[in-house]
Each structure stands twice: as structure tokens, then as C-alpha cells.
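Commentary on secondary and tertiary structure
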Amino acid sequence: MNLIAAMLLALPLVAAAGAPEIDIRLKRLPNKAYELQGSFTVAASSSIVWGVLTDYEGIPAFVSSMKSSRVRATLSDGSVLLEQRATGGMFFLTRTVTVLLDVRRESQRLVFEDVGRESFWRYEGDWKTEAAQTGMRVSYRLVAQPDFVTPSLILSRAMKRGAHDLLSQVRAEIIRRTGRVAPDGRKWFQPSLPAIYV
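Anyway, here's the lowdown on the structure attached to this text.

Procedures and definitions
- Residues numbered from 1 in each chain as written.
- Predicted model: local features only at pLDDT ≥ 70, side-chain atom pairs only at ≥ 80, totals over all residues.
- Heavy atoms only, no water.
- Helix = DSSP H or I, 4+ residues; strand = E, 2+ residues; numbered from the N terminus.
- Buried < 20%, exposed > 50% of the residue type's maximum accessible area, 1.4 Å probe, protein only.
- Contact = heavy atoms within 4.5 Å.
- Areas by Shrake-Rupley, 256 points an atom, 1.4 Å probe, with all protein chains shown as cover.
- Salt bridge = Lys/Arg side-chain N within 4 Å of Asp/Glu carboxyl O.

1. Regarding the overall build of the chain
Within the chain, the secondary structure is distributed over two helices and ten strands. Counting across all 198 residues of the chain, residues that qualify as buried make up 46%. When contacts within the chain are restricted to residue pairs at least 6 apart in sequence, long-range pairs at least 24 apart make up 56% of them. When the accessible surface of the chain is totalled, it reaches about 9,500 Å², and 52% of it is carbon and sulfur.

Pasting the structure below:
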């Protein structure tokens, strides 16, 4: 799904002390491409998790870097053409990127690929879910090769930060939809980003 995904460069999420960590790894590939992998575990049902991951047009309401996300077409095989615009950056560098994603659901996996090639030479990946001891484990993978020039140190830091923000905000939305109560008894709610405990 997403550029939700993508440049993934959003505002940091305010997290409660002791909140579970988001695991993020970034690897440099040949041809100035990057592979990003991230994951988190959340106490929620599979249906709620998939409700958030496939809420294509609702993404801008809970991912702060996403400026627009709209379904352009639903194809006969069930796949979706999804156009997304996101902004992000680091320091004084800010960029708006656009992707036209071919999104396909395969069992417990959501596969996406940019077929528009407007901001990236290559942009593809997937979301996966699996049952975990404490709920559901959600994994995200992205391979991106931007068509713009940015120093690799700045781009790699921005991608890691953006991915962390993306996964934190997706996780926060999953929790919000469950109406879950925090371990200390406070009710989780999200009147607007960032999500908070009260």
C-alpha cells in the first residue's frame, strides 16, 4: 500500500513510555536503490489490521506525510490502482513524491508496485501479517530507487525516520480502532495526529 510508504518522511509520533519498539532496517542496494524492512506487533484482530492496511482513501487521516490517496480504478482481478502523493524531508530538504500503485491482496500479504514511474525508477514492496503470541505481527518491505538526486546519508536517514513514523502511525490507527486500553488503564484515543494516551 503506500507511499504511505514511501518517502515516508513524516512527523514523529508521540509514544507512551515503554511502548513496544518498531523494528526498522535499511540496506543499500546496487544502482542507488534501498531496501527497507520494518515490523511491529499489535494486540488486535486480523480484520482490524487489514481494515487499516486496506483503507486506501483514508490513509491521509492517520499518516501525516500522506497528502492524498485515491483509488483510480478497481480491476477485474481485484487489484487496485492507487494514486498517492506524499511529502517528506529532512533538515531543509523537502520533496513531494507521487506514485501510481498497482496493489494486490494475496492471502496475508498486500503487494504494491509503482506503475506510474513519476518519482521513482523502482518502487515496490509489500505488507504482511501473521499471528503472534500477543496479537498480530505486521511486516513492511519496500525497495525504492528514487529518480532524484539526494546525498545517500540524508536519504537513508530520512527513509528510516519516515518508515518509523509510518509504522508508528499505522500501529496507532490499529490500536485506535480496537478501542484498546493501555496497560496502566488509560484509554487510547486519537483526536488528531499525533496519537496520545490520556
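2. Concerning the environment of Ala 172
Turning to its location among the elements, Ala 172 is positioned in helix H2 (residues 152-178). Taking the C-alpha atoms as reference points, Ala 172 and Phe 62, 110 residues apart in sequence, are found 8.3 Å from one another.

3. Remarks on the pattern of salt bridges
By the definition in use, this model includes 15 salt bridges. The partner of Arg 70 in a salt bridge is Glu 83, and the shortest N-O contact between them spans 3.3 Å. With Arg 70 in strand S3 (residues 66-74) and Glu 83 in strand S4 (residues 80-90), the pair connects residues that are 13 residues apart, well separated along the chain. Taking relative accessible area as the criterion, Glu 83 reaches 13% and is therefore assigned buried. Between Arg 177 and Glu 173 there is a salt bridge; the shortest N-O distance is 2.7 Å. Of the two residues, Arg 177 and Glu 173 are both situated in helix H2; the distance of four residues between them amounts to about one turn of the helix.

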